[in-house]
Amino acid sequence: SGRGVMSRARDASASRIFKLSPADFGRMQTAVRERLRERGSSASDEVLPEYVMVMVQNQKTQAQVASELKAFLGSEASPFT
């Protein structure tokens with residue numbers, strides 16, 4: 001399908017069934033890294049994307065992820081998700 005990996009992840013998370021193939025996991029982590037850079041993240045280039053992926057794997061909601069990211073991204077956390 002033409003939908004992006006982050007869109008599929010949001011849909012899967014909403015249904016609480018969430019399995020990413022290794023290839024999708026890598027693409028999603030790259031997309032997360034790029035989104036963080038766009039927002040001027042001052043955190044390590046690898047640590048914050050890994051943290052986001054752990055939250056995704058633990059089926060955190062978008063609101064929970066945004067709340068956790070506020071410490072790193074401030075007001076940019078909500079648009080990130």
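Chemist: For this particular structure, what's the right way to read the overall build of the protein chain?
Modeler: Helix and strand counts for the protein chain come out as five helices and zero strands. Secondary structure elements of the protein chain occur, N-terminal to C-terminal, as α-α-α-α-α. A total of 81 residues make up the protein chain; the buried ones form 32% of that total. Look at the contacts in the protein chain between residues 6 or more apart in sequence, and 42% of them connect residues 24 or more apart.

Chemist: Help me understand the environment of R33 in this model?
Modeler: Mapping R33 onto the fold places it in helix α2 (residues 22–38). In this structure, the C-alpha to C-alpha distance between R33 and V47, residues 14 residues apart in sequence, is 9.6 Å.

Chemist: Can you help me understand the nonpolar core in this one?
Modeler: For soluble globular proteins, the rule of thumb is that nonpolar side chains tend to be buried together. Residues M28, V32, L36, L48, V52, M53, M55, V56, V65, L69, L73 and A77 constitute the largest nonpolar core, which totals 12 residues. Listing elements by their share of this core, those giving two or more residues are α2, α3 (47–57) and α4 (62–73). Take this core: its biggest share by element is five residues, from α3.

Chemist: I keep staring at the packing of α3 against α4 and nothing clicks. Help me out?
Modeler: Pairs of packed helices are described in terms of their axes, by the angle between the two and the distance that separates them. It is at 11 Å that the axes of α3 and α4 come closest, and there the two elements cross at 165°. With respect to α4, the axis of α3 lies roughly antiparallel. Crossing geometry of α3 relative to α4 is assigned as right-handed. Between α3, through L48, Y51, V52 and M55, and α4, the contact on the second element is made entirely by V65, E68, L69 and F72. Tallied by class, residues from the contact of α3 with α4 come to seven nonpolar, no polar and one charged.

Chemist: Honestly, the side chain of Q29 in this entry has me stumped. Any pointers?
Modeler: Mapping Q29 onto the fold places it in helix α2. Among all residues touching Q29, those that are not within four sequence positions of it are P49, E50 and M53.

Chemist: In this structure, what is going on with the packing of α2 against α3? I would like to understand it.
Modeler: Where α2 meets α3, the closest approach of the two axes is 9 Å, and the angle between their N-to-C directions is 125°. Taken as axis vectors, α2 and α3 run oblique relative to one another. Every pair of crossing elements has a handedness; the one defined by α2 and α3 is right-handed. Facing F25, M28, Q29, V32, R33 and L36 of α2, the residues of α3 in contact are L48, P49, E50, V52, M53, V56 and Q57. Here the residues of the contact of α2 with α3 sort into nine nonpolar, two polar and two charged.

About the thresholds
Residues numbered from 1 in each chain as written. Predicted model: local features only at pLDDT ≥ 70, side-chain atom pairs only at ≥ 80, totals over all residues. Heavy atoms only, no water. Helix = DSSP H or I, 4+ residues; strand = E, 2+ residues; numbered from the N terminus. Buried < 20%, exposed > 50% of the residue type's maximum accessible area, 1.4 Å probe, protein only. Contact = heavy atoms within 4.5 Å. Core = buried A, V, L, I, M, F, W, Y, C linked by side-chain atoms within 4.5 Å. Axes fitted to C-alpha atoms, helices over the stretch in contact; angles between N-to-C directions. Parallel < 35°, antiparallel > 145°, perpendicular 65-115°, else oblique. Left-handed = near helix turned anticlockwise from the far one by under 90°. Nonpolar A, V, L, I, M, F, W, Y, C, P; charged D, E, K, R; others polar.

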